[in-house]
Structure formats: structure tokens, C-alpha cells
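A closer look at the structure
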Amino acid sequence: VYSRGGNGLAAGLDALAAYDWRLSALVLVFAGGLALLTSQTTLSLMAVLLTVPFQALILERTLAEAIGLALAVIVIIVAHKTNIAKAWQARPGQE
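1. Regarding a nonpolar patch on the surface
- Residues Phe-54, Leu-57, Leu-63, Ile-67, Leu-71, Ile-74 and Val-78 make up a contiguous nonpolar surface patch of roughly 700 Å² in combined accessible area.
- Going through the elements one at a time, α4 (52-58) and α5 (63-79) are the ones with two or more residues in the nonpolar patch.
- Among the elements that line the nonpolar patch, the one with the most residues is α5, at 5 residues.
- Take Val-78: it is sitting in helix α5.
- Take Val-78: its relative accessible area is 47%, and that puts it in the partly exposed class.

2. What to know about the confidence of the model for the protein chain
- Of the residues in the protein chain, 91% have a pLDDT of 70 or more, and the chain-wide mean is 87.
- Considering each helix and strand of the protein chain separately, the mean pLDDT is smallest for helix α1 (residues 7-19), with a value of 82, and largest for α4, with 96.

What counts and how
Residues numbered from 1 in each chain as written. Predicted model: local features only at pLDDT ≥ 70, side-chain atom pairs only at ≥ 80, totals over all residues. Heavy atoms only, no water. Patch = residues over 30% accessible without salt bridge, like charges linked within 9 Å, V, L, I, M, F, W, Y side chains within 5 Å. Areas by Shrake-Rupley, 256 points an atom, 1.4 Å probe, with all protein chains shown as cover. Salt bridge = Lys/Arg side-chain N within 4 Å of Asp/Glu carboxyl O. Helix = DSSP H or I, 4+ residues; strand = E, 2+ residues; numbered from the N terminus. Buried < 20%, exposed > 50% of the residue type's maximum accessible area, 1.4 Å probe, protein only. pLDDT = per-residue confidence, 0-100.

Spelled out as C-alpha cells, the structure:
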């Protein structure tokens, strides 16, 4: 099956919203704000995803839940490593 991508992150955010809408809202707000400041949507979202396990702990989720979220974030980052590398190379001021 040929896929151009893009649907996985949306499904992931939907799943995060079903798990805890507050986490999903924080990701959207912080990633959106960071993307507006930097014009780097991919890097902004990935950077904010790295904070999700810590946000979960702040929202009083258990350590086991935060570890599970950390594992999910690792999977997402690894799955998007090519996109991250391309976005990193395309930053303003890079040649």
C-alpha cells in the first residue's frame, strides 16, 4: 500500500486525546506556538513530543504511564527520523 504519510501523527494525537485530552491539548498548543515562532512544524512537533512523558507526570499520571508514553514517543521519533533529518537540513541559515 502506497502512503504519502501524514496520517500517523493525526491518529497519534487522537489516541493521546482519548487517553488524556489535556496532554493532547498541551501538545497542540506548544507545538503550534513553537511552529509559529520557528516556522518549523516538523521539528516543533517532535520537540514537543519529547516533553509528553514529563507533562504526563506533571498532570499526575503514574510513572508506568509516563514510561509507556516515552516508549511511544521513541517509536514516533524513530519512525520520522528521515523527516526530522530533512527538516533539520532545511532550517533557515543552513546550506
